[in-house]
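Letter by letter, the chains look like this.
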Amino acid sequence: MKSNGKLKQRFTFSDPERVEQIFSQYSDKKSATLPLLHLAQSQEGYISNSVIENIADLVDCHSAVVMDCVSFYTMLYTKPQGRHIIQVCQTLSCSLNGADALVDHVTDKYEIKPGETMANDRFTLMKVECLGSCGTAPVVQINKEYHEGLSTQKFDKLLESFE
Amino acid sequence: MPLLKIDGKEIEIKSGTTVLQAAEANGIEIPYYCYHPALEIVGSCRMCLVQVEGMPKLQVSCNTFVGDVPPERKVDGKYDMVVDTQNDLVVQERKNILEFLLLNHPLDCPVCDQAGECYLQDYSFKFGNAHSRFDEAKRVRPNEYLGSQIVINHNRCILCSRCVRFTQEISGTSELFVEARGYNSKIAALEDKPLDNLLAGNVADICPVGALLSTDYIHKNRIWNLKEQPSVCQDCSVGCNVDVFSQRDQILRLTPRENHDVNGYFMCDIGRYGFHRFEEIERVTQPMVRNGESFDALNWDKAIEKTADLIKKSNGKTAGIVSPFHTNESNFLLGLMMNGVLGSLPPITKKEITYQSGFRISADRSPNRRGMNNICGEIVADLPSEIKAQAIHGLYILDDGVDRESDDVWKEILAKMDFVVVQTYAMTALARSANIILPGLAPFEREGTITNDRDRVQWLRSSLPKKGESRADWEILMMVMKALDKEEQTFADVGQVIKVMGEKFPAYKGLSFFRLGPHGMSLNGKASG
Ligand code: SF4
Ligand code: SF4
Ligand code: FES
Ligand code: FES
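About the cut-offs
Residues numbered from 1 in each chain as written. Chains lettered and ligands numbered in written order. Predicted model: local features only at pLDDT ≥ 70, side-chain atom pairs only at ≥ 80, totals over all residues. Heavy atoms only, no water. Helix = DSSP H or I, 4+ residues; strand = E, 2+ residues; numbered from the N terminus. Core = buried A, V, L, I, M, F, W, Y, C linked by side-chain atoms within 4.5 Å. Buried < 20%, exposed > 50% of the residue type's maximum accessible area, 1.4 Å probe, protein only. Near = heavy atom within 4 Å. 1 Å grid on protein atoms, 1.4 Å probe; cavity = no way out; pocket = protein on both sides within 12 Å on 5 of 7 lines; lining within 4 Å. Sits in = over half its atoms within 2 Å of the grid points. Nonpolar A, V, L, I, M, F, W, Y, C, P; charged D, E, K, R; others polar. Points joined across faces, edges and corners; volume = space filled by probe spheres on them. Pairing = 2+ DSSP bridges. Contact = heavy atoms within 4.5 Å. Axes fitted to C-alpha atoms, helices over the stretch in contact; angles between N-to-C directions. Buried area = accessible area lost by both parts, 1.4 Å probe. Salt bridge = Lys/Arg side-chain N within 4 Å of Asp/Glu carboxyl O. Polar contact = N/O pair within 3.5 Å; in protein donor to acceptor, adjacent residues only side chain to side chain.

### Let's talk about the environment of K482 of chain B
Phase 1: Mapped onto the secondary structure, K482 of chain B falls in helix α14 (residues 473–483).
Phase 2: With 177 residues separating them along the chain, K482 of chain B and E305 of chain B place their C-alpha atoms 9.9 Å apart.

If you want it as structure tokens, here you go:
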């Protein structure tokens with residue numbers, strides 16, 4: 001389906017069984033909203049309008065209600081992200097231990113500011129609140145892994161390992 | 001029934017009543033924002049905090065329910081709940097909450113349309129602090145359109161979510177949501193689904209502050225300059241109760257007036273913005289008589305005399321045509337004058353629209369078809385053949401100012417007439433074809449009753465002054481009647497017309513403006529048939 005010259009595809013879950021299973025865990029449909037959003041994000045990389053419409057249909061509510069929920073959580077992305085998501089903790093311990101330098105490093109080397117994604121989609125940079133590992137500050141989460149006690153050099157080497 | 005002690009007052013109330021409702025019903029003021037009687041309770045604004053004995057923290061009174069408690073837990077051996085709405089803690093908390101709500105508020109009441117009817121203003125004045133301790137920079141956001149007629153001023157919004165709940169629960173259209181969280185939260189509409197339903201105007205009414213504004217009224221006037229007059233919407237057969245806000249002879253806005261037997265708390269945008277129609281219409285404000293292709297003005301005496309002459313000369317071959325837009329009284333008087341009316345102007349019907357909450361816009365877009373049918377039972381369906389059969393050659397039409405495209409049937413009827421008298425407030429196509437035009441009143445100028453499609457009779461009060469030389473429709477009909485030597489009927493006011501009408505139509509017996517009051521009365525089906 002082409003509209004405005006852009007390819008517009010309707011989102012559907014690639015794993016309907018998982019969807020069924022999620023629904024079976026709750027007594028009312030609406031409760032499945034969050035897990036479905038996570039599932040959709042793991043499939044698509046972000047929550048598109050089409051995802052929102054699809055989930056709204058599935059849980060029997062309006063798109064605005066799903067959108068309300070999506071916009072509440074910072075870990076649900078409404079825009080496409082890079083292949084690897086760098087989340088630098090910016091709360092007290094990490095900040096005191098040089099988190100700013102880590103952010104600046106990425107900005108200098110890959111030319112992306114917090115919130116931005118590289119043109120080739122390799123990295124997305126984000127500043128986040130406390131990751132709950134303050135004892136090993138500064139902490140950076142890349143995709144799902146924590147990397148602790150980082151110096152700029154260690155961080156630089158680490159980043160090189162992500163394609 | 002549970003026994004509540006509130007501010008030292010003992011009150012017996014129904015189990016399941018909230019403290020806020022109990023207080024309100026007993027004349028104790030508790031300030032509130034997010035609570036609205038038509039919407040689900042969310043208890044999010046914290047404005048309504050009160051002290052409940054036995055509870056360590058202040059409680060939101062909008063979401064605290066009074067119920068029976070077992071004897072051993074009764075306070076002082078008899079109270080199911082003891083509430084204090086005035087103590088120092090509550091007073092201090094109210095100040096704090098207001099200070100929070102005003103953190104980012106621009107304090108721009110002098111240019112805010114809500115000023116004068118704003119709960120932020122009123123409560124600040126009554127319960128708030130004169131000063132804020134916040135000296136950081138305020139968060140500033142530009143205004144946005146949520147829909148084509150609704151603008152949001154984010155800086156004034158207190159995030160009570162009334163507007164969001166309205167779209168979820170009342171209109172069921174759900175265009176609005178709270179975007180993001182905490183300090184970043186704001187009211188937003190989906191990009192591809194703006195707030196454009198026919199109930200959208202209500203969100204500006206239920207917004208307790210000046211955040212939601214109707215583009216129709218924005219920066220037009222100040223509320224304290226306007227005259228407020230209760231009336232009834234005449235754009236469909238529901239007859240929503242409204243307040244008309246006007247200045248001199250101009251309506252500035254309509255807002256819904258609470259009536260649980262008709263419209264609840266709301267009205268639709270067709271009715272809300274419908275009054276603009278009267279601004280565009282070419283008004284007739286003087287009696288006129290045809291002179292070739294144009295009209296000559298003449299005075300009332302002459303106009304009435306000429307009208308009566310024409311009717312007399314036609315030897316009973318003049319027919320009365322009523323309208324589903326006119327009041328019961330005008331339609332009734334025309335019947336009285338012509339010994340029964342013959343037909344009516346065509347009613348206007350569109351699709352009925354019903355919303356999730358049950359709010360309804362009637363398919364019948366004329367306000368008084370039911371009343372007209374009750375009172376003019378003799379109206380014929382097939383007007384052209386009846387005109388032919390009775391050899392009618394003159395018409396007296398109660399025109400309603402609605403510019404219908406005259407269809408061929410009507411054109412044919414008019415072409416056959418020797419004369420047509422049109423009583424109207426607007427220069428409609430019909431009026432243009434008249435021999436005599438008698439200037440009556442426009443809908444919000446009239447006084448009288450209309451009957452809605454569920455048999456409820458409601459009182460229209462005139463909200464605007466008459467224009468030019470126009471006169472009340474019942475008065476014009478009475479003058480013509482007099483000139484026709486039907487001397488026995490003189491009425492001092494429209495109230496007397498109602499009385500006489502009641503004598504002929506049992507269902508309407510005993511009605512008076514006094515009995516109808518602000519909310520009208522149901523005929524309980526007495527009038528059908
Ligand atoms: S716009 Fe008005 S009604 Fe909506 S959340 Fe803000 S203050 Fe409440
Ligand atoms: S529903 Fe009918 S009576 Fe009510 S506001 Fe709309 S048009 Fe007027
Ligand atoms: S401050 Fe960075 S993990 Fe807690
Ligand atoms: S009115 Fe009770 S919390 Fe808002």
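### Some words on the nonpolar core
Phase 1: Ranked by internal contacts, the top residues of the largest apolar core, which has 81 residues, are Y33 and I187 of chain B.
Phase 2: V341, I375, I436 and L441 of chain B belong to the second largest nonpolar core, which has 49 residues in total.

### Description of the site of ligand 1
Residues and elements named next belong to chain B.
Phase 1: Around ligand 1 there are 14 residues in total, and C157, C160, S161, C163 and C207 lie nearest to it.
Phase 2: In this structure the site holding ligand 1 corresponds to the second largest cavity.
Phase 3: Of the residues contributing to the shell around ligand 1, the split by class is twelve nonpolar, one polar and one charged.

### Some remarks on empty space enclosed by the protein
All names here are of chain B.
Phase 1: One pass over the full model with this rule turns up six cavities of 30 Å³ or more.
Phase 2: By volume, the largest cavity amounts to about 100 Å³.
Phase 3: Sorting the residues of the lining of the largest cavity by element identifies α6 (269–273) and β21 (360–361) as the ones contributing at least two each.
Phase 4: Its residues assigned to classes, the lining of the largest cavity comprises nine nonpolar, two polar and three charged.
Phase 5: Its volume calculated, the second largest cavity comes out at about 80 Å³.
Phase 6: Surrounding the second largest cavity, 14 residues form its lining, C157, C160, C163, I187 and C207 being those nearest its centre.

### A look at the sheet that holds strand β25 (residues 448–451) of chain B
Residue and element names in this part refer to chain B.
Phase 1: Here three strands make up an open sheet; going across it, the order is β25-β26-β27 and the pairing antiparallel. In this open sheet, the two edge strands, each paired with only one partner strand, are β25 and β27 (521–522).
Phase 2: Bridge analysis of strand β26 (residues 456–460) against β27 gives two bridges, and the strand direction is antiparallel. Looking across to β27, one finds that R456 is bridged to S522.
Phase 3: Its contacts with the sheet put helix α9 (residues 328–338) on β25 and β26, and the angle it makes with β25 is roughly 95°.

### Section: the interface of chain A and chain B
The figure often quoted for interface size is the accessible area lost as the parts come together.
Phase 1: Listed by partner, the interface residues are eleven residues for chain A and 14 residues for chain B.
Phase 2: Between chain A and chain B, the buried area comes to about 940 Å², and carbon and sulfur atoms account for 54% of it.
Phase 3: The tally of links from chain A across to chain B stands at zero salt bridges.
Phase 4: Remark: the boundary between chain A and chain B carries four residue pairs in polar contact (both at pLDDT 80 or more).
Phase 5: For the side of chain A that touches chain B, the element with the highest residue contribution is helix α4 (residues 63–72) of chain A, accounting for seven residues.
Phase 6: Along the lines of polarity and charge, the residues of the side of chain A that touches chain B split into five nonpolar, four polar and two charged.

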